[in-house]
Structures are given as structure tokens and as C-alpha cells.
Amino acid sequence: MKLRNTIMALAVSAAATFAPAYAQTSDGQSVGAAIERAAAGLAGRIGSAAQEIGGDQVIAFNGDESFPMASTYKVAIATAIMDRVDRGELSLDQMVDITPDMMMIGDAALSDTFVHPGVQLSVANLMEIMITESDNTATDTLIGLAGGAAAVTENLRRLGITDFRVDRTTGEIIGEFYGLPGPATMKVAAEAFKTNPELATIVSDRNLDFEADPRDHATPLAMLQLLLAIDSGTAMSAESRDFLIDVMSRTRTGAGRLKGLLPRGTPVAHKTGTIGGVANDVGYITLPDGRRFAIAVFTKSSETSEADRDRAIAEIARSLFDYYYVGHMAQQ
């Protein structure tokens, strides 16, 4: 509560002009630094970036540091898919066969529900479960429809986003995290876990070698840039933007992250990411007066509990919520 009061005091005293990457109060104290203190000790390394929609103030700390994205990179995959839809190269009602050899491991997975051949889903439904459930089978199917990981990265470059790269499928990422002999298909994972049951216990353990691999990394500022490009209609048509943000508003994962400390009922459209010592959440938060802000929070190298990692993200989201809302009211 004391730290939250500090943020509210900073909001009231904020100067009218701000540095391009770090908001400053009139006495020179960094709002970003104050927010970082709110999450201190709850996660290993933390990076964050946020901006009010329609504003030009960016609040960030460690904003240009590279972090493993985990499943938050699925926002970039969704963006590439919607670009292809806008170009007429795909349609949301297009049906796609999901064969048994395409099934990947993961929570709330298609692979746990459909154990027999004969599965078809539309592109729209693949997008739905990739975002809302973080389903890895849907994700890797969509990467293929997007033209591969390189095509997703190329789409980011088209948008002028440079500190953001997509290199692998989720099957490849998870397979390399666990040291599997190939992508983490149900067959490969089942055989590996049967041979070495201890593999199942490292899912929340930090893996510094894995984190040091630059593939599938982004900076918080680059992820923020993507979120703003989506919302502005730069990355896709207004119709596609509305579809994607609507899907993100139904995300079921990460209830304790961006949403964790916000007032009950606050609209949040977001995408989480989790692997080893990495816990992330990115998206859009709506303020009580209808204004919105985009936010990206990345963490890595954590040895704390999963609940603490979630709490770190929640503290940052609530601090920014208070900053934007209280600061705006103070200027009225």
C-alpha cells in the first residue's frame, strides 16, 4: 500500500513533458524506477514498457533489454496471420486439418482433448485457442499458415519493429528447453518423460542457458511498439484489429498477472507467456474513464515462486493503472 501511495503521489506531481523513453516527475524522480521498486524481490530480472493509447509518453524500465518472450510471441504470430487475412491470402473461416503428428504438449491442449484422427478447426478458432488457452498445437499450425517463423519476423520488420525476433515453433522451443531429441510433440515428449520422469519437475525452474539464447526474444519497448501498431491499425485493418483484441479480452491464462491487482471488472485484453524462470504478460488495460493503455511486462531468471512472479507483474500493472488514472484526474 505504501508503494502504491508513492505511485499516486508521483502521478499528481508529474510534469507536463516527459523524456521519450522514461517518464519523469517534476523533481526528476523516475516513475519507472518507482514502479520497479514495487516489484523488487518478487522476480529475477524485470522489464516493462507502457503507453497510453493516443498519448506520446512512454513509461519504461529495462525497456531496451532483451527477454525471452515465451508465449507472448503468439501476439506476433497472430499479427502475421491477420495481415495475411487482410491481403486475402487466408480467411478466418478457412478450415484446417489437425493431424495426430501435429499435436504438441501444453496446458489446455488440443492434444489432451482429441486423441483420435479427424480434427478440423477454422483459422478463427485456431487463433482463439492460441491466445485464450495458449494452445501450442494451434500456435504451430498458425506459424505454418503464416509462412514460418521467418515470415513472422519479416512482418515485424515491415512494421519497423527491430528488437523482436521469432525464430522457432513452440514445439521447438519447448523441445530445446527440456533437451528433447526434437520438437515437443506428444509422442516425443511421452517417450522422453517416461525415460526421465524428472523432466516434468523442471517446468518452473530457471534455465539460464536457455534464457541466454537470443532466439525468440524481444525488448519490452519492441513489444509495446507491436501492441501500439495493432491498436492503431498500422499492423492490420480495423476489422482485424477488433477481432484480435476481442480474442485477447477472453484470455483465460494468467489471472494473477496484469489482472491480479486491478479493480474487479477492469477490462484487460492480454497474452501471457511462461517457461522456466520466465513469466510475462502483455496487452491492453482500460481505465475507469474509458481511456486505455498498452503494457508489456517481461520477467526472467526467477527463483521465486510462481505466485511471486505473477505478483510482480500485477504490482506493475496496478501502479501504472493508478499513475494514468490518478494523474489524469489531477490535471483536470
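Bear in mind that the values here come from a model prediction, so they are computed numbers and not experimental data.

Analysis parameters
Residues numbered from 1 in each chain as written. Predicted model: local features only at pLDDT ≥ 70, side-chain atom pairs only at ≥ 80, totals over all residues. Heavy atoms only, no water. 1 Å grid on protein atoms, 1.4 Å probe; cavity = no way out; pocket = protein on both sides within 12 Å on 5 of 7 lines; lining within 4 Å. Points joined across faces, edges and corners; volume = space filled by probe spheres on them. Helix = DSSP H or I, 4+ residues; strand = E, 2+ residues; numbered from the N terminus. Nonpolar A, V, L, I, M, F, W, Y, C, P; charged D, E, K, R; others polar. Buried < 20%, exposed > 50% of the residue type's maximum accessible area, 1.4 Å probe, protein only. Polar contact = N/O pair within 3.5 Å; in protein donor to acceptor, adjacent residues only side chain to side chain. Phe/Tyr/Trp six-rings, centres within 6.5 Å; stacked < 30°, edge-to-face > 60°. pLDDT = per-residue confidence, 0-100. Contact = heavy atoms within 4.5 Å. Axes fitted to C-alpha atoms, helices over the stretch in contact; angles between N-to-C directions. Parallel < 35°, antiparallel > 145°, perpendicular 65-115°, else oblique.

J.: What exactly am I supposed to notice about the layout of surface pockets here?
T.: Unoccupied space between atoms shows up once a probe the size of one water molecule is rolled over them. Here the largest pocket defines a volume of roughly 790 Å³. What lines the largest pocket is a set of 31 residues, among which Gly106, Asp107, Val203, Thr274 and Ile275 lie closest to the centre. Only α8 (170–178), β7 (268–275) and α13 (306–330) provide two or more residues apiece to the lining of the largest pocket. With 5 residues, the single largest contributor to the lining of the largest pocket is α8. Looking at the lining of the largest pocket, its residues break down into 12 nonpolar, 12 polar and 7 charged.

J.: Help me understand the side chain of Arg318, please; the structure alone is not making it clear to me.
T.: By the element assignment, Arg318 lies in helix α13. A relative accessible area of 19% places Arg318 in the buried class. A distance of 2.8 Å separates a polar atom in the side chain of Arg318 from the backbone oxygen of Leu261.

J.: Looking at this model, I keep getting lost on the packing of aromatic side chains. Mind explaining?
T.: Remark: the centre distance and the inter-plane angle together describe each pair of aromatic rings, the angle taken between the planes. In the structure shown here, the tally under the stated rule is 7 aromatic pairs. Pairing Phe177 with Phe210 gives two aromatic rings, centres 5.2 Å apart and planes at 85 degrees, and the pair type is edge-to-face. Taken together, the residues span a long stretch of sequence, with Phe177 in helix α8 and Phe210 in helix α10 (residues 208–212) at a distance of 33 residues. Like Phe210, Phe177 is buried. Taking the centre distance of 5.4 Å and the plane angle of 70 degrees together, the rings of Tyr178 and Phe193 count as edge-to-face.

J.: What is the right way to look at the confidence of the model for the protein chain in this model?
T.: The predicted coordinates should not be examined in detail at positions where pLDDT is low. On average, residues of the protein chain score 89 in pLDDT, and 89% of them reach the 70 mark or higher. Taken together, the stretch residues 5–29 has pLDDT below 50 and engages in 50 contacts with residues farther than four places along the chain or on a different chain.

J.: Just to check I follow, could you spell out the packing of helix α6 (residues 136–146) against α8 for this structure?
T.: Helix-helix packing is characterised by the crossing angle of the two axes and by the distance between the axes. Closest axis-to-axis distance for the α6/α8 pair is 8 Å, and the angle between their directions is 125 degrees. In terms of axis orientation, α6 runs oblique to α8. Contacts from Asn136, Thr139 and Asp140 in α6 reach Thr170, Gly171 and Ile174 in α8. Here the contact of α6 with α8 is built from residues that sort into 1 nonpolar, 4 polar and 1 charged.

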